[in-house]
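Chain by chain, the residues run as shown.
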Amino acid sequence: MEKAPENGRPNPLRDWLAWKRRSRVNKTMFVVSLAVAAFVTAAFAWAIAFPAPGDFARYLTFYWIWGLCAVGIMTGLVEYRTRPVRRGGNSWGELFILFYLGALLIATRAINLFLFHG
């Protein structure tokens, strides 16, 4: 178990990240997964704010960005597989990025279809 913070209060985010116990591969895959999720979220938020129905080039671009979700899921799986061992810990928090990327995979495909129909 990690040393308690000096103020005596636990920090759930720090405990969940367990950055000091992570391997280099695990840290890399976590950062890549998070970066892909942030990029896809930002790109589709921009596309929702500025839709362009019938623009095939933009549809193709966002179709490619949608494909990044699959890359993010693969890196998230590697991150989950190489996670540090936690005794008696709950893995739901560690699976959050995979659930989020899976939801992005489904939602952004539907958004792409509706934004650029025509």
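Residues numbered from 1 in each chain as written. Predicted model: local features only at pLDDT ≥ 70, side-chain atom pairs only at ≥ 80, totals over all residues. Heavy atoms only, no water.

Focus on the pattern of salt bridges
- Across all of its chains, the model carries one salt bridge by this definition.
- Where Arg22 meets Glu79, a salt bridge forms, and the shortest distance between an N and an O atom there is 2.7 Å. Of this pair, Arg22 sits in the loop between helix H1 (12-17) and helix H2 (24-49) while Glu79 sits in helix H3 (residues 56-81); the two residues are 57 residues apart in sequence, bridging distant segments of the chain.
- Exposure remark for Glu79: the relative accessible area of 3% places this residue in the buried category. (Salt bridge = Lys/Arg side-chain N within 4 Å of Asp/Glu carboxyl O. Helix = DSSP H or I, 4+ residues; strand = E, 2+ residues; numbered from the N terminus. Buried < 20%, exposed > 50% of the residue type's maximum accessible area, 1.4 Å probe, protein only.)

Brief notes about the packing of H2 against helix H4 (residues 96-115)
- Direction vectors running N to C along H2 and H4 enclose 25°, while the axes themselves pass 10 Å from each other. Judged on the interaxial angle alone, H4 and H2 are roughly parallel. You can see that H2 and H4 cross each other, and the crossing is left-handed. From H2, Ser33, Leu34, Val36, Ala37, Val40, Thr41, Phe44, Ala47 and Ile48 reach across to H4, where they touch Ile97, Tyr100, Leu101, Leu104, Thr108, Ile111, Asn112 and Leu115.
- Its residues assigned to classes, the contact of H2 with H4 shows 13 nonpolar, four polar and no charged. (Axes fitted to C-alpha atoms, helices over the stretch in contact; angles between N-to-C directions. Parallel < 35°, antiparallel > 145°, perpendicular 65-115°, else oblique. Left-handed = near helix turned anticlockwise from the far one by under 90°. Contact = heavy atoms within 4.5 Å. Nonpolar A, V, L, I, M, F, W, Y, C, P; charged D, E, K, R; others polar.)

Comments concerning the packing of H3 against H4
- Remark: H3 packs on H4, axes separated minimally by 9 Å, with the N-to-C direction vectors making an angle of 165°. One finds that H3 runs roughly antiparallel with respect to H4. For H3 against H4, the interelement crossing comes out left-handed. Where H3 abuts H4, its residues Tyr59, Phe62, Tyr63, Trp66, Cys69, Ala70, Gly72, Ile73, Gly76, Leu77, Glu79 and Tyr80 lie against Ile97, Leu98, Leu101, Gly102, Leu104, Leu105, Thr108, Arg109 and Asn112.
- A class-by-class count of the residues in the contact of H3 with H4 yields 14 nonpolar, five polar and two charged.

In short, geometric facts, not functional conclusions.
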